[in-house]
Amino acid sequence: AERLGDESILAGLRLTTDAITRIMQPGGLAEPGPIEAATPSGTTAIPVVHIELMALAGDWVGLARFADSMATRRAGWSSHPGGVIWRYYESLARLKTGQPMRRGDLAYLKRAARLNPTDHGWRLPVLRAESLRQQGRTQASLAVWSAALETLRTCGSRLDAGVAAECAAAAARALGEEAA
């Protein structure tokens, strides 16, 4: 990227490097504030990197707000592998902030899961579990979370597994310490 002078890729790499450095510090991504406030200018050229880092930080409100601000660029990612990541994390953020998932996003994610169940099959159970939790059906969500996390063990993405595990732990904590 440096040799080619691709500033958007370099900005994304700087953001990722900064996030990794911050994760390793006491306070992690929560310090000094949300990812949105710490983002170098220009990184919105790679919105999916920004979205993943906000999910990693658990900044669901910021993620939903950022995804809305990038709505005009969203369709351009539909044919890119990052489009699945974008729609998945945006859907999860919408659920976490009390908004419904978009029907088109759910259809897109179902199609991705059907075409590539190894990489994307676990996404639908995670969204289902979070949806159940948001409906107040926390006990039912835990069974779905358990199955989703088991499926994630075979997935190559530690980032996705970590975010999903943290969401599952939040659902368990809602039932009390013994459930967590």
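So, here's what we can say about the structure. Since this is a predicted model, take the numbers as computed values, not measurements.

Turning to the nonpolar core, a few remarks are in order. Counting residues in hydrophobic clusters, the biggest one holds 40 residues, and the most contacted among them are W60, L63, Y88, Y89, L92 and W145. Within the residue set of this core, elements represented by two or more residues are α3 (47-57), α4 (60-69), α6 (82-96), α7 (103-115), α9 (123-134), α10 (138-152) and α11 (158-174). Top contributing element to this core by residue count: α6, with eight residues. Not counting residues up to four positions away in its chain, the partners in contact with W145 are V126, A129, E130, A164, C167, A168 and A171.

With that out of the way, let us pick up α9. With twelve residues, α9 ought to run about 16 Å at 1.5 Å a step, and its terminal C-alpha atoms sit 17 Å apart, in line with that. Every buried residue belonging to α9 is among R123, V126, L127, A129, E130, S131 and L132, and all of these are buried. Next to the buried residues of α9 lie α6, α7, α8 (117-120), α10 and α11. One or two steps after α9, the chain reaches G136, where phi turns positive at roughly 85°.

Once that is clear, we can look at the environment of A171. Inspection of the secondary structure assignment puts A171 in helix α11. Residues A171 and L132 lie 39 residues apart in sequence; the distance between their C-alpha atoms is 9.9 Å. With residues up to four places along the chain from it excluded, the contact list for A171 reads R133, T138, S141, L142 and W145.

If you walk through the whole model with that rule in mind, you get eleven salt bridges. For E90, the salt bridge is made with R74, and the minimal N-O distance between the two is 2.8 Å. Taken together, the residues E90 in helix α6 and R74 in helix α5 (residues 71-74) connect sequence positions 16 residues apart. Classification of R74 as buried rests on a relative accessible area of 13%.

Quick notes on the rules
- Residues numbered from 1 in each chain as written.
- Predicted model: local features only at pLDDT ≥ 70, side-chain atom pairs only at ≥ 80, totals over all residues.
- Heavy atoms only, no water.
- Core = buried A, V, L, I, M, F, W, Y, C linked by side-chain atoms within 4.5 Å.
- Buried < 20%, exposed > 50% of the residue type's maximum accessible area, 1.4 Å probe, protein only.
- Helix = DSSP H or I, 4+ residues; strand = E, 2+ residues; numbered from the N terminus.
- Contact = heavy atoms within 4.5 Å.
- Expected span 1.5 Å × (residues − 1).
- Salt bridge = Lys/Arg side-chain N within 4 Å of Asp/Glu carboxyl O.

These figures come from the coordinates and say nothing about function on their own.
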